[in-house]
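Notes for the structure review
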Amino acid sequence: MKSMKLPSVPKAESNVTATVDVSGRRSFLRSLGLGALLAGLAGQLIAMVRALVPNVLYEPPRAFKVGLPQDFAEGMTYVEDHRLFIGRDQRGLFAISAICTHLGCTVKMLNLNQPRTVEIKGKPVQIQQEFQCPCHGSKYYGDGTNYAGPAPRPLDWYRLEVSPDDGQLVVNSSQPVHHDFRLNA
Ligand code: FES
């Protein structure tokens, strides 16, 4: 039997293929590196621009008008929009938050059938109302002092002022005041 001789591949040709392969891989790796560098730079640029823009929290204003003083009769008036009570007694006007100090539910006011005398900070105080929280049962006397349930502290009292523009009552919820606060208006 006669043996057939296969044509041999020229040596130079195989070197060309190897060179093309290596240079193709190199250019791919170069592109990958460049891409990663650009992505990193873009990330840093975005972070820098983001740092220049202030974080804005759209919270409700802390000072707001609730109506004219004469709109509030003796006793407690609930102002639903702002979750607070405006009270009036012989000494003047005051504002008590209706936000439970436990976890922030809205407390309900309960008018007592007859005034009750309780001891608050060692002093006898006559109360006509109580506040009760429907969520976990905290109870507060009419002046906001907590006396039962998980509420850790009394309801907040806010500063009241009369607006020089239109004579309306302005509640400033950023300025808590003592329970003795009254606005004569
Ligand atoms: S939120 Fe009022 S008692 Fe829990």
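Calculation notes
- Residues numbered from 1 in each chain as written.
- Predicted model: local features only at pLDDT ≥ 70, side-chain atom pairs only at ≥ 80, totals over all residues.
- Heavy atoms only, no water.
- Pairing = 2+ DSSP bridges.
- Helix = DSSP H or I, 4+ residues; strand = E, 2+ residues; numbered from the N terminus.
- Axes fitted to C-alpha atoms, helices over the stretch in contact; angles between N-to-C directions.
- Contact = heavy atoms within 4.5 Å.
- Core = buried A, V, L, I, M, F, W, Y, C linked by side-chain atoms within 4.5 Å.
- Buried < 20%, exposed > 50% of the residue type's maximum accessible area, 1.4 Å probe, protein only.
- Disulfide = S-S within 2.5 Å.

Notes on the sheet that holds strand E5 (residues 108-120)
Read from one edge of the open sheet, 4 strands run E5-E6-E7-E8, paired in antiparallel fashion. Across the chains shown, the open sheet's two edge strands, defined by having one partner strand only, are E5 and strand E8 (146-148). Adjacent strand axes in the sheet meet at a mean angle of 35 degrees when their direction is disregarded. As defined by bridge partners, E5 adjoins strand E6 (residues 123-132) across 9 bridges and the pair is classed as antiparallel. Counted as the bridge partner of Thr117 is Gln126 from E6.

Some remarks on the environment of Leu112
Take Leu112: it is sitting in strand E5. For the pair Leu112 and Gly142, spaced 30 residues apart in the sequence, the C-alpha separation amounts to 9.6 Å. Beyond its immediate stretch of four places on either side in the chain, Leu112 contacts Ile127, Gln128, Gln129 and Glu130.

As for the nonpolar core
Of all hydrophobic cores here, the largest spans 29 residues; its most connected members are Val66, Ile86, Val107, Phe131, Leu160 and Val171. Those elements giving two or more residues to this core turn out to be strand E1 (63-67), strand E2 (75-79), strand E3 (84-89), strand E4 (92-97), strand E9 (157-162) and strand E10 (169-176). For this core, the element with the most residues is E4, which contributes 4 residues. Not counting residues within four places of it along the chain, the set of residues in contact with Val107 comprises Phe85, Ala98, Cys100, Phe131, Gln132, Cys133, Pro134, Tyr140 and Leu155.

Overview of the state of the cysteines
One pass over the structure, following the stated rule, counts 1 disulfide. Cys105 shares a disulfide with Cys135; S-S distance 2.0 Å. Residues Cys105 and Cys135 are joined through a disulfide that is left-handed, its torsion about the S-S bond being -95 degrees. A residue pair is termed long-range when its members are at least 10 positions apart, and Cys105 in the loop between E4 and E5 and Cys135 in the loop between E6 and strand E7 (139-141) qualify at 30 residues. Residue classification places Cys135 among the partly exposed residues on the basis of a relative accessible area of 37%.

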